[in-house]
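Structural overview for review
Now for the letters of each chain:
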Amino acid sequence: MRMRYQAVPWIRYRAEKDIQQFLSEHGRLRVYEKGQCVMPAGEKYPYLSLIISGMLSKSFAVHNSSKDFAMSVLLPGTMVGDFHFMSKRVCNLQVIALRESSLIECPHDTVEKAMFADYSFYRKIMNQLMLDMESDSEGLATITARPADERLKILMKILLVRYNVVPDKDGWYKLPVYMTHNEMSRIIYSTPLTVNRLLLSFKEDGQYIRGKSGERLVNIRLFDGIYDWCPDDPLIKLTRSGEAF
């Protein structure tokens, strides 16, 4: 079960098609290099943006800890800059491009004018912003309430659902986004050594393997009893509905 909200932890929902279309038509494309800071901590970000390609992290410094950041992962289709758009305040969050990433950046006032002119669009934007905030809140709740092995399984399951991955006849799924041990550990607030240990444990149980090209493969049995969504588990429904978030 999710801890509190409908949104899933760490991985943001894609923005609605109407929102993606609006931002695409009224924003400007900008490419960020790997490692480049998109949104510096302590500074205002004047855009509501849409990720077109790449991968970014939303993080904050954890002082006096060897675990330097707690992260949310921002994938294509996701919006960036929601907190600044809502509050117009600075905060200690930062967004960094984990890989070369393309964003369409749309100024706040452009989005606000469209919202005030169309109540339906206003509600869509507000709903999307709330889902994003719920996802961040769920991420923190999951980190504090679940052991590391469950957190890693949850992350894998969310990626499978988001990209609507279909298993082979033996129940094996290919994880659609390759993440390093370091990236996974930062998302689930652990260490690369712990992630490596957990993956070896999953492998010993016959539920995780590496493919010929290095891809990560997990068996559906890895998720037995882990983090089912009410009223139905979307991982079980994937091949029926063809839908993903």
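It should be noted that the structure appears before, not after, this text.
Reference entry: report on the structure contained in this document. (Residues numbered from 1 in each chain as written. Predicted model: local features only at pLDDT ≥ 70, side-chain atom pairs only at ≥ 80, totals over all residues. Heavy atoms only, no water.)

Let us now look at the overall build of the protein chain. Broken down by element type, the protein chain carries eight helices and 11 strands. Counting over 245 residues, the protein chain shows a buried share of 50%. Carbon together with sulfur atoms contributes 51% to the accessible area of the protein chain, which is approximately 12100 Å² in total. (Helix = DSSP H or I, 4+ residues; strand = E, 2+ residues; numbered from the N terminus. Buried < 20%, exposed > 50% of the residue type's maximum accessible area, 1.4 Å probe, protein only. Areas by Shrake-Rupley, 256 points an atom, 1.4 Å probe, with all protein chains shown as cover.)

What follows concerns the packing of aromatic side chains. On inspection of all chains with the given rule, the structure shows three aromatic pairs. Seen in terms of ring centroids, tyrosine 45 and tyrosine 47 are 5.5 Å apart; in terms of plane orientation they differ by 75°. Their pairing is edge-to-face. Take tyrosine 47: its relative accessible area is 27%, and that puts it in the partly exposed class. Residue placement shows arginine 14 over the ring face of tyrosine 163; its charged tip is 5.4 Å from the ring centre. Cation over ring: lysine 88 sits above phenylalanine 85, and NZ or CZ is 5.0 Å from the ring centre. (Phe/Tyr/Trp six-rings, centres within 6.5 Å; stacked < 30°, edge-to-face > 60°. Lys NZ or Arg CZ within 6 Å of the ring centre and 35° of its normal.)

Before going further, it helps to spend a moment on the sheet that holds strand 6 (residues 79-80). Spatial ordering of the open sheet is given by 1-8-3-6, a layout of four strands whose pairing is antiparallel. Pairing within the sheet leaves two strands with one partner each, and these edge strands are strand 1 (28-32) and strand 6. Looking at chain direction, strand 1 and strand 8 (residues 101-107) are connected through five bridges and run antiparallel. Bridge pairing links valine 31 to serine 102 in strand 8. Each of strand 3 (47-53) and strand 8 is contacted by helix 3 (residues 108-117), which is oriented at about 60° to strand 8, the strand it contacts most. (Pairing = 2+ DSSP bridges. Contact = heavy atoms within 4.5 Å. Axes fitted to C-alpha atoms, helices over the stretch in contact; angles between N-to-C directions.)

Right, let's talk about helix 3 for a bit. All of the buried residues along helix 3 are His108, Val111, Ala114 and Met115. The arc that holds every buried residue of helix 3, seen down its axis, measures 140°, which confines them to one face. Opposite the buried face of helix 3, by more than 90 degrees, sit the exposed residues Lys113, Phe116 and Ala117. Those residues of helix 3 that are buried are in contact with helix 1 (17-26), strand 3, helix 2 (82-87), strand 8 and helix 4 (119-145). (Arc of directions from axis to C-beta.)

Moving on to helix 4. Taking 1.5 Å as the rise per residue, helix 4 with 27 residues should run 39 Å; its terminal C-alpha atoms sit 38 Å apart, in good agreement. You can read the cap of helix 4 off the contacts: a side-chain oxygen lies 3.0 Å from the backbone nitrogen of serine 120, and it is on aspartate 118. (Expected span 1.5 Å × (residues − 1). Polar contact = N/O pair within 3.5 Å; in protein donor to acceptor, adjacent residues only side chain to side chain.)

Strand order across the open sheet formed by three strands is 9-11-10, with antiparallel pairing between neighbours. Both edges of this open sheet fall to strand 9 (172-174) and strand 10 (208-210), since each of them pairs with a single strand only. Strand-to-strand twist of the sheet, defined as the mean angle between neighbouring strand axes without regard to direction, takes the value 25°. Of the strand pairs in this sheet, strand 10 and strand 11 (residues 216-219) are connected by three bridges, and their pairing is antiparallel. The partner of arginine 210 across the bridge, within strand 11, is arginine 216.

Below, the discussion takes up the pattern of salt bridges. This model, assessed by the stated rule, comprises 10 salt bridges. Ionic pairing is found between aspartate 82 and arginine 12, a salt bridge with its closest N-O pair at 3.2 Å. Of this pair, aspartate 82 sits in helix 2 while arginine 12 is found in the segment before helix 1, placing the two residues 70 residues apart along the sequence. Comparing aspartate 82 with arginine 12 shows no difference in burial state: the two are buried. Between aspartate 136 and arginine 12 there is a salt bridge whose closest N-O contact spans 3.0 Å. (Salt bridge = Lys/Arg side-chain N within 4 Å of Asp/Glu carboxyl O.)

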